[in-house]
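Reading the structure
Given next are the chains, with one letter for each unit.
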Amino acid sequence: MELQRSDRDEFGFVGSLVGSRIWPANIDRLKEMQVKVVKLRSGAPGEASDRRLRELAENQANKLTGILRSANPLFILGRFAECAEFQGGEFRDWYETHGVHALVQYAVGLSFATSGNIDLSAVPSDGDVQEAFDLVAEIFLIEWELITNTVGANQPEYAARVQGAFKVEALTDRWQGYTVHLKDILAATLGPIRNDITRELGWYPGIIPELGLGLARIFQRRMDEFRPGFRADLMKAKPSGQAVYGEEMSLLLERHKNFAAGLFVVDAPALSAELGLSVDMLEAALRDLSWNPGQQPEFLLPAQDNLARTYSGVRLEGGRYFLWMPSALIQESHVWFYDLLQRRSLDSIKKRYLAARDTATENITSSTLQRLFGKDRVFRSAQYDAPGRPDIDCLVVVPGDAILVECKAHLLTAAGRRGAPGRLATKFEELVVKPSFQADRAARHILSGNPVFASGRKVISITANEESLLPRIVITYERVDPFGTYRGVRPEVEQPAPSWIIPLADLMVISDLIQSPAAFWYYVGHRYRQSQDPRLVVFNEIDLLELFLVDLPRFESLTSLSLSVDERVLIGPCGYSINNYYASLAPDEVRRRPVLPLPAEVLSALDRNLALDDPAWRSIVEAVLAEPSKTWKKFKNLKAKVAKRGTDQPIRLDTVQGSLNITMAKPGDSLVIDIGAN
């Protein structure tokens, strides 16, 4: 069983990009390369065939290097970036074109890997531009084969899967979250050390989201000014016959090539005019956000470290910058900032920054949960008596149960992102094993009836028992999806059941779209139970959240899978309505917010039960959410009937769950809905 995990065939993600013409390489040529790759494998994957494939990739990369450095590379890079960023004159949706930006980042890194020996006045031919598109696609096809079909030597299955997943992430786009949430995380992290950062850098990186929006507006305006005239000139030539039309088309394509070469080039004065910020400050910002040609002379293949992945701009001559991808500024902001501090040897700020990540993770987690459950139910740094004076980073108390949250802001370096086994083993311990032990120890302490304390040694009232679920969550500052995707138990390490691992940005999405504490509890309970089953492979939490909101029965079915031990359920990509909501440029009142298809009155009644500390609250929530959609159609009809006629006597709704008692009455002007257990 696979839930819409398409475009992961033998061509990898690049095959779908070429097939859809997002990346206009020659699909027949790509198929020929695939045949060649299969022949080079000549049997099962192994060191010999891997070596042959790497030689092929290096050969194609050297050809690409020759083309990119034989003329001004901006003519080709501008066309690449235009294909990645724009569709029909409008910015593309990153989520729906996943992987295309990595292709451009690779070409940018290769173009400027060394400095000098480039005739900037030379213009590449149309044939060279097309050849560059084809070579990039072929190189990524080979790299995909090497990553997905290389056998990890002397590694357990879980380690090989995690390593492979991180390598795939390194090869494709490194999406961290939606801008609205990343902006808040950036502000919460850098805000407390703003003065020190500004003093050292001459500008404050908290303005990165604003810079990204300003650049996007500039590029969009340039596109809007170019396209109408281009299309109008072409239409004028059409009635003059094929020869005139062909000649005009050739001239316009040449004009388009020149336009694309300058489309993504900016300087500080242009950005200052757009944002109203000082030129000096913006010059400092552009300088820090960019890298200089010649800084990575050994770079050749996509799997290698590439400054163009971390630094969104390239510094050109005359105070100009090639900054083609405004959205990458916020997506790469934390990786970039740490690297900048390392390169500038700003050790004092680096130390404070790492501490600020810890604080921000705990602050945002606790404030997010407090907005849902209320301050009287959410406790930060709840302590209990045990060796080492342990605490629970965030504790949420509900009738008969509790949610235990551990917050981890560990940094995953470039080596870890590449899948270096040593780094992955260390981070697996820090982000999976250790917090699982911490949460398990706290859960056993609570189940034993021992007290847990808020600040001032005030005892927190927790009514847990043997029926309590006590779901455990690990919130990570950075996105480390492969650890959650392949969270199987390490055979050589004793550990409790894995916690549910999600990044901070995803927690913010979940709380945005599930604003009822009852529905949130239900989601957390199922996701925690689902996290125990290694047969369920979740690449991104947004995909599961989408299922919860639009197909609740299917989401629930994933909690108890009817599969053999060797079968797998792969989830995603399917988070389209969520992405459309957050990625839309439409006004808030126009955007369609994904919501759980339950009557708002029902969720409100459940939340009132929570406020009353109803001891049956958990079981009532489970029963309500388990009701089929036909129940809520009957609810709507009954509500209209009661609202019209009015009644002092509660009328009961017919439900599938016999343990559920939903009634409504209208003794006066207000409709009263009560939900209880029989």
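Residues numbered from 1 in each chain as written. Predicted model: local features only at pLDDT ≥ 70, side-chain atom pairs only at ≥ 80, totals over all residues. Heavy atoms only, no water.

**Concerning the overall build of the chain**
A tally of helices and strands in the chain yields 28 helices and 19 strands. For 678 residues, the compact-globule estimate of 2.2 N^0.38 gives 26 Å, and the C-alpha radius of gyration of the chain, at 28 Å, lies within 12% of that figure. C-alpha extents for the chain along the principal axes are approximately 85 × 65 × 60 Å. Residue pairs at least 24 apart in sequence account for 74% of intrachain contacts in the chain once pairs closer than 6 positions are excluded. (Helix = DSSP H or I, 4+ residues; strand = E, 2+ residues; numbered from the N terminus. Rg over C-alpha atoms; globule rule 2.2 N^0.38 Å. Contact = heavy atoms within 4.5 Å.)

**Side note on helix α28 (residues 629-645)**
If you check α28, its first and last C-alpha atoms are 25 Å apart, about what 17 residues at 1.5 Å a residue would give, namely 24 Å. Of all the residues in α28, the buried ones are Thr631, Trp632, Phe635, Leu638 and Val642. The buried residues of α28 occupy an angular sector of 120° when projected down its axis, which confines them to one face. Exposed side of α28, more than 90 degrees from the buried face: Ser629, Lys633, Lys636, Asn637 and Lys644 are the residues found there. Those residues of α28 that are buried are in contact with α26 (600-611), α27 (617-626), β17 (647-652), β18 (660-666) and β19 (672-677). Backbone geometry just downstream of α28 places glycine 646 in the positive-phi region, at approximately 75°. (Expected span 1.5 Å × (residues − 1). Buried < 20%, exposed > 50% of the residue type's maximum accessible area, 1.4 Å probe, protein only. Arc of directions from axis to C-beta.)

**Topic: the packing of aromatic side chains**
Going through the model one piece at a time under the given rule, you end up with 26 aromatic pairs. Between tyrosine 523 and phenylalanine 555, the aromatic rings sit 5.4 Å apart at their centres with planes inclined by 10°, giving stacked as the arrangement. With tyrosine 523 in helix α22 (residues 517-530) and phenylalanine 555 in helix α24 (residues 552-557), this residue pair connects regions lying 32 residues apart in the sequence. Across the pair, phenylalanine 555 and tyrosine 523 agree in class, each one buried. Site record: aromatic cluster; members linked through ring pairs are Phe13, Tyr106, Phe140, Trp144 and Phe299. Directly above the aromatic system of phenylalanine 453 lies the positively charged group of arginine 457, at a separation of 3.7 Å from the ring centroid. (Phe/Tyr/Trp six-rings, centres within 6.5 Å; stacked < 30°, edge-to-face > 60°. Lys NZ or Arg CZ within 6 Å of the ring centre and 35° of its normal.)

**Quick notes on the packing of α22 against α26**
Two numbers describe how α22 lies on α26: the axes approach to 8 Å, and their chain directions differ by 85°. Compared by their axis directions, α22 and α26 come out roughly perpendicular. Facing Pro517, Ala518 and Ala519 of α22, the residues of α26 in contact are Leu603, Leu606, Asp607 and Leu610. Taken together, the residues of the contact of α22 with α26 break down into 6 nonpolar, no polar and 1 charged. (Axes fitted to C-alpha atoms, helices over the stretch in contact; angles between N-to-C directions. Parallel < 35°, antiparallel > 145°, perpendicular 65-115°, else oblique. Nonpolar A, V, L, I, M, F, W, Y, C, P; charged D, E, K, R; others polar.)

**With respect to unusual backbone geometry**
Excluding glycine, residues mostly carry a negative phi; peptide bonds, for their part, are mostly trans. The backbone of leucine 470 sits at a positive phi, close to 45°, despite the residue not being glycine. Relative to the helices and strands, leucine 470 is located in the loop between β12 (458-459) and β13 (472-476). Look at aspartate 613: it is not a glycine, yet its phi comes out positive at around 55°. As for its placement among the helices and strands, aspartate 613 is situated in the loop between α26 and α27. For aspartate 613, a relative accessible area of 45% translates into the label partly exposed.

**Side note on the sheet that holds strand β6 (residues 313-315)**
Pairing in this open sheet of 4 strands is mixed, and the strands run β4-β7-β6-β5 from one edge to the other. Edge strands, defined here as strands with exactly one partner in the open sheet, are β4 (265-267) and β5 (290-291). Bridge analysis of β4 against strand β7 (residues 320-322) gives 3 bridges, and the strand direction is antiparallel. Residue pairing for β7: valine 266 is matched across the bridge by tyrosine 321. (Pairing = 2+ DSSP bridges.)

**Re the side chain of threonine 647**
Along the chain, the position of threonine 647 falls in strand β17. Among the polar contacts made by the side chain of threonine 647, one reaches the main-chain carbonyl oxygen of glutamine 649 at a distance of 3.1 Å. (Polar contact = N/O pair within 3.5 Å; in protein donor to acceptor, adjacent residues only side chain to side chain.)

**Quick notes on the packing of α26 against α27**
Close contact between α26 and α27 brings their axes to 10 Å; oriented N to C, the two are set at 170°. Classified by the angle their axes make, α26 and α27 are roughly antiparallel. Along its contact with α26, which presents Val602, Leu606, Asn609 and Leu610, the element α27 presents Trp617, Ile620, Val621, Val624 and Leu625. When the residues that make up the contact of α26 with α27 are grouped by side-chain class, the tally is 8 nonpolar, 1 polar and no charged.

**Comments concerning the environment of histidine 98**
Mapped onto the fold, histidine 98 is located in the loop between β3 (90-91) and α5 (100-111). Residue classification places histidine 98 among the partly exposed positions, given a relative accessible area of 29%. Here the alpha-carbon distance between histidine 98 and glutamine 304, two residues 206 residues apart in the chain, equals 20 Å.

**Examining the pattern of salt bridges**
Counted by the stated rule, this structure contains 30 salt bridges. A salt bridge links arginine 472 to aspartate 440, with the shortest nitrogen-to-oxygen separation between them at 3.3 Å. Linking arginine 472 in strand β13 with aspartate 440 in helix α19 (residues 421-447), this pair joins segments that are 32 residues apart in sequence. Residue arginine 472 shares its accessibility class with aspartate 440, and that shared class is buried. (Salt bridge = Lys/Arg side-chain N within 4 Å of Asp/Glu carboxyl O.)

**Focus: the sheet that holds β19**
Taking strand neighbours across the sheet as the criterion, the 3 strands line up as β17-β18-β19 in an open arrangement whose pairing is antiparallel. A single partner strand is all that each edge strand has here, and the edge strands are β17 and β19. Neighbour-to-neighbour, the strand axes of this sheet turn through a mean angle of 20°, independent of strand direction. Where β17 meets β18, 3 bridges bridge the pair, whose relative direction is antiparallel. Opposite arginine 652, over in β18, you have threonine 663 as the bridge partner.

**Brief notes about the pairing of β13**
Among the 5 residues in β13, 5 count as buried, and that is most of the element. Neither face of β13 is open: one carries Arg472, Val474 and Thr476, the other Ile473 and Ile475, and all of them are buried. Here strand β10 (residues 401-408) runs beside β13; their pairing, made up of 5 bridges, is parallel. Directly across from glutamate 406, in β13, lies its bridge partner valine 474. The pairing of β13 with strand β14 (residues 500-503) spans 4 bridges and is classified as parallel. Bridge pairing in β14 links valine 474 to isoleucine 501.

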